[in-house]
Amino acid sequence: MPVKGVVFCLEDGLPIEARFLLEDFRLAVNNAIRAGLQARVTSRNALTRLAYKDFRKEYPKMYAQHLVSAFEVAGSALKNHRRRVRKGNAGRVPYIRRLFMKAENQAYKLDRANGVIDLPIRAGCHVCLELVLSDYQRRYLEDHSYALGSLTVFTDRVIIAFRKGAPKPYVPESALSLDTNERSLDGVFAKGGDVKTVKAEFSDIATIQQRHHDRRKRLQKKKAHDRRTSRMLCRREGRREHHRIEYRLHQLANAVLSFAENQKSAIVLEDLKGFKPIRNKELNRRLSLWPRRKLHQIIEYKAQWRGVPVVKVDPRYSSRTCPICGRIQDSRMGAEFVCECGWHLDRHINASLNLLQTAISKGMAGGLRFNPGAFQHDVMMILYDPERGARSEPNGTSGTCVVT
Ligand SMILES: [Zn+2]
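Structure report, in brief. None of these values were measured; they are calculated from a predicted model.

Analysis parameters
- Residues numbered from 1 in each chain as written.
- Predicted model: local features only at pLDDT ≥ 70, side-chain atom pairs only at ≥ 80, totals over all residues.
- Heavy atoms only, no water.
- 1 Å grid on protein atoms, 1.4 Å probe; cavity = no way out; pocket = protein on both sides within 12 Å on 5 of 7 lines; lining within 4 Å.
- Points joined across faces, edges and corners; volume = space filled by probe spheres on them.
- Helix = DSSP H or I, 4+ residues; strand = E, 2+ residues; numbered from the N terminus.
- Nonpolar A, V, L, I, M, F, W, Y, C, P; charged D, E, K, R; others polar.
- Buried < 20%, exposed > 50% of the residue type's maximum accessible area, 1.4 Å probe, protein only.
- Pairing = 2+ DSSP bridges.
- Phe/Tyr/Trp six-rings, centres within 6.5 Å; stacked < 30°, edge-to-face > 60°.
- Axes fitted to C-alpha atoms, helices over the stretch in contact; angles between N-to-C directions.
- Contact = heavy atoms within 4.5 Å.
- Salt bridge = Lys/Arg side-chain N within 4 Å of Asp/Glu carboxyl O.
- Expected span 1.5 Å × (residues − 1).
- Polar contact = N/O pair within 3.5 Å; in protein donor to acceptor, adjacent residues only side chain to side chain.

Things to note about the layout of surface pockets
With a probe scaled to a water molecule rolled over the atoms, the places where space remains empty come into view. Empty space within the largest pocket amounts to approximately 1200 Å³. Along the wall of the largest pocket there are 30 residues; nearest its centre are Lys4, Gly5, Tyr136, His250 and Lys302. Put simply, the parts of the chain that give the lining of the largest pocket at least two residues each are strand 1 (3-9), helix 4 (135-142), strand 7 (157-163), helix 6 (227-263) and helix 8 (289-306). Its residues placed into classes, the lining of the largest pocket shows 12 nonpolar, 10 polar and eight charged.

Let's talk about the pairing of strand 8 (residues 174-180)
Walk down a regular strand and you will see the side chains alternate between the two sheet faces. Of all the seven residues making up strand 8, seven are buried; the element is thus mostly covered by neighbouring parts of the structure. Side chains Ser174, Leu176, Leu178 and Thr180 project from strand 8 onto one buried face, and the interleaved Ala175, Ser177 and Asp179 project onto a second face that is buried too. Judged from the five bridges that link them, strand 8 and strand 11 (residues 265-270) form a sheet pairing that is parallel. Note on strand 11: the bridge partner recorded for Ser174 is Ser265. For strand 8 and strand 9 (residues 184-191), the ladder comprises seven bridges, and the chain directions are antiparallel. In the sheet register, Ala175 faces strand 9, and the bridge partner there is Ala190. Taken together, strand 8 and the strand that follows it, strand 9, pair antiparallel across an intervening segment of three residues.

Observations concerning the packing of aromatic side chains
Under the counting rule described, the total for this entry stands at 10 aromatic pairs. Plain terms: the ring middles of Phe100 and Phe154 are 6.0 Å apart, the flat faces sit at 25° to each other, and that makes the pair stacked. Linking Phe100 in strand 2 (residues 100-103) with Phe154 in strand 6 (residues 147-154), this pair joins segments that are 54 residues apart in sequence. Classification of Phe100 as buried rests on a relative accessible area of 15%.

Some remarks on the sheet that holds strand 7
With antiparallel pairing, four strands are arranged side by side in an open sheet as 1-7-6-2. The open sheet has two edge strands, strand 1 and strand 2, and neither has a second partner. Strand-to-strand, the axes of this sheet are offset by a mean angle of 20°, without reference to chain direction. In this structure, strand 6 lies alongside strand 7, joined through five bridges in antiparallel fashion. Each residue of the ladder has a partner; that of Thr152, found in strand 7, is Ile159. Running at roughly 85° to strand 2, helix 1 (residues 16-39) makes contact with strand 2 and strand 6 of the sheet.

Observations concerning the pattern of salt bridges
Per the stated rule, a full pass over the model turns up 12 salt bridges. The salt bridge partner of Glu241 is Arg216, with a shortest N-O separation of 3.0 Å. Pair noted here: Glu241 is in helix 6 and Arg216 is in helix 5 (residues 203-222), with a separation of 25 residues, a long-range link. One continuous salt-bridge network, built from bridges that share partners, spans Arg215, Glu237 and Arg240.

Regarding helix 9 (residues 347-361)
Between its terminal C-alpha atoms helix 9 stretches 21 Å, which fits the 21 Å expected from 15 residues at 1.5 Å a residue. Structurally, the start of helix 9 carries an N-cap: the backbone nitrogen of His348 is 2.9 Å from a side-chain oxygen of Asp346. Downstream of helix 9 by one or two residues, Gly363 has phi in the positive range, about 70°.

Just distances and angles here, no functional claims.
This is the structure we're talking about:
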């Protein structure tokens with residue numbers, strides 16, 4: 001069941017009682033982490049069995065559901081810690097600094113008409129959180145096909161998870177095959193024997209990465225005498241970079257999905273799982289992998305939410321194979337793929353053709369057929385362009401397609 005977290009700001013900030021609750025919650029989480037480490041348990045149930053009684057004595061007034069939820073947060077922190085230990089890069093023992101709390105849907109009440117949360121603190125004491133509502137948030141509150149999930153409270157905002165039964169993906173009538181590159185998605189759109197090239201640019205993301213990288217370098221030099229400040233500033237720089245890139249990736253994914261939805265397309269993507277980050281100092285290589293992975297994640301998740309079928313294909317040889325005669329070239333070539341049989345095409349577009357063919361041959365794209373001979377080189381459809389995307393509204397979908 002896909003889940004979507006929607007952020008709400010608070011009308012009058014966080015009431016003081018709720019702030020105390022967050023502090024208690026943090027304390028409970030950190031205590032549970034310590035108890036879990038000592039007893040070597042990570043699951044919520046094990047933690048509950050282990051520590052519930054003791055905790056009850058320490059926090060006699062805390063609402064029981066919140067305590068269980070604190071165990072759950074502690075459990076996931078312990079799991080992450082254990083994974084890091086296994087990989088050999090264990091840091092410090094996990095400790096939650098941030099003030100926040102999580103409540104499952106039984107542990108709070110939401111008045112969906114007025115946007116008011118009723119959060120119990122202890123027996124006989126509730127606190128009301130008034131949410132700031134815009135059209136975007138109202139859409140989720142008013143549509144009762146969205147079930148309420150967990151609530152996460154921070155000092156300045158809350159996040160409510162909405163759940164929806166996943167719509168059944170439609171039967172594709174066309175396919176949108178995309179090869180993921182460092183600065184763009186390049187590919188083909190195949191419908192009824194017609195094949196056109198498509199492109200969705202995200203070169204602005206590389207620019208942002210470069211800029212933040214330079215800034216971090218400068219900061220490190222400038223604050224070389226003060227490692228603590230340097231680390232803090234760099235971390236902030238990293239967070240900003242993350243937000244800016246993620247925002248753009250969402251815009252891009254929305255554009256691709258709207259196009260696919262309108263055309264009833266299956267989206268074909270390469271499976272990036274096998275990709276290993278290349279460890280070298282060269283900036284582009286090192287930095288550019290996570291946005292691409294993240295983009296795939298966003299596309300897949302949004303596709304699930306909207307009922308768009310997505311097919312993942314093993315990308316091996318996709319950039320070296322000739323889609324006409326099937327010959328595999330020895331090495332990667334320049335910008336253009338050239339084959340002895342006379343076929344030549346932009347390398348990225350060629351790769352996407354191969355992805356599409358693999359998807360079709362495995363029966364993963366419905367009953368679609370496709371003939372590389374019918375390929376129209378001269379028509380390029382722009383699915384997304386950062387210039388236009390950046391100017392559109394935060395929640396607007398820039399899904400219009402322009403045929404140039
Ligand atoms: Zn060939």
